[in-house]
Amino acid sequence: RPRNVWRVRRMGQGHAKTRRNHHVNMKIFAIDPGPTESAFVIWDGSTILDKGKVPSERLLPLLGSHERDCRVVCEMIACYGMAVGAEVFETCVWIGRYLEKLQGNMERIKRLECKMHLCHSARANDSNIRQALIDRFGPPGKKASPGVTFGLSGDMWAAFAVAVTAHDKHNL
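Residues numbered from 1 in each chain as written. Predicted model: local features only at pLDDT ≥ 70, side-chain atom pairs only at ≥ 80, totals over all residues. Heavy atoms only, no water.

1. Remarks on the overall build of the protein
Rule in force here: The numbering of helices and of strands both runs from the N terminus, where a helix is a DSSP run of H or I of at least 4 residues and a strand a run of E of at least 2. Each residue is placed in one exposure class: buried if its accessible area under a 1.4 Å probe, protein chains only, is under 20% of its type's maximum, exposed if it is over 50%, and partly exposed if it falls in between. Whether two residues are in contact is decided by their heavy atoms: any pair within 4.5 Å suffices.
Tallying secondary structure elements over the protein gives five helices and seven strands in all. In the protein, the succession of α and β elements from N to C terminus is β-β-β-β-β-α-β-α-β-α-α-α. Out of the 172 residues belonging to the protein, those deemed buried represent 38%. Considering only contacts in the protein between residues 6 or more positions apart, those separated by 24 or more positions represent 57%.

2. Considering helix α1 (residues 56-66)
Here is the rule we go by: By arc we mean the arc of the directions from the helix axis to the C-beta atoms, nothing more.
The complete set of buried residues in α1 reads Ser56, Leu59, Leu60, Leu63 and His66. Buried residues along α1 cover an arc of 140° about the axis, so they all sit on one side. Facing away from the buried side of α1 by over 90 degrees, the exposed positions are Arg58, Pro61 and Ser65. Buried-residue contacts for α1 involve β3 (27-32), β4 (37-43), β5 (48-55), β6 (70-76) and α2 (86-101).

3. Details of the environment of Pro35
Along the polypeptide, Pro35 turns up in the loop between β3 and β4. Sequence spacing of Pro35 and Glu87 is 52 residues, and the spatial spacing of their C-alpha atoms is 5.5 Å. Sequence-distant contacts of Pro35, that is, excluding residues within four places in its chain, are made with Ser56, Glu87, Glu90, Thr91 and Trp94.

Written out as structure tokens, the structure reads:
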């Protein structure tokens, strides 16, 4: 059996579904989860196909509609030895719900991995990551002449950083 074929057997079904998972034109559905809202970017390696920041519960149906044609990647919470508040735990709950919706078929990337990949520094902050993405893909541009990153704002930049990191990591 070729390496790029995987089988899924769902409970209660007697047959297995087979899907070819070609790496050519594989899309990345990247998520920057939050306690109440989550940002997402769908990236094909050259173009942002969709983006947004939606209430976290509205992301669940979006995941279901894209799980067959996208590799889903989510930024994961990491322990840095500091005290955290309720928002961090609520974000963890949403990551778990996304993971459950996708039956475990979701890659998790820690923020440190994105920082190291894009900025080569663990001390990078959001503005450093944004600047690294602009340096790589060009300025966002204007409505009349949009760039690759046109329309990204706030947490969508973090979701885009996750998408680029996952894309590069898997050489898609």
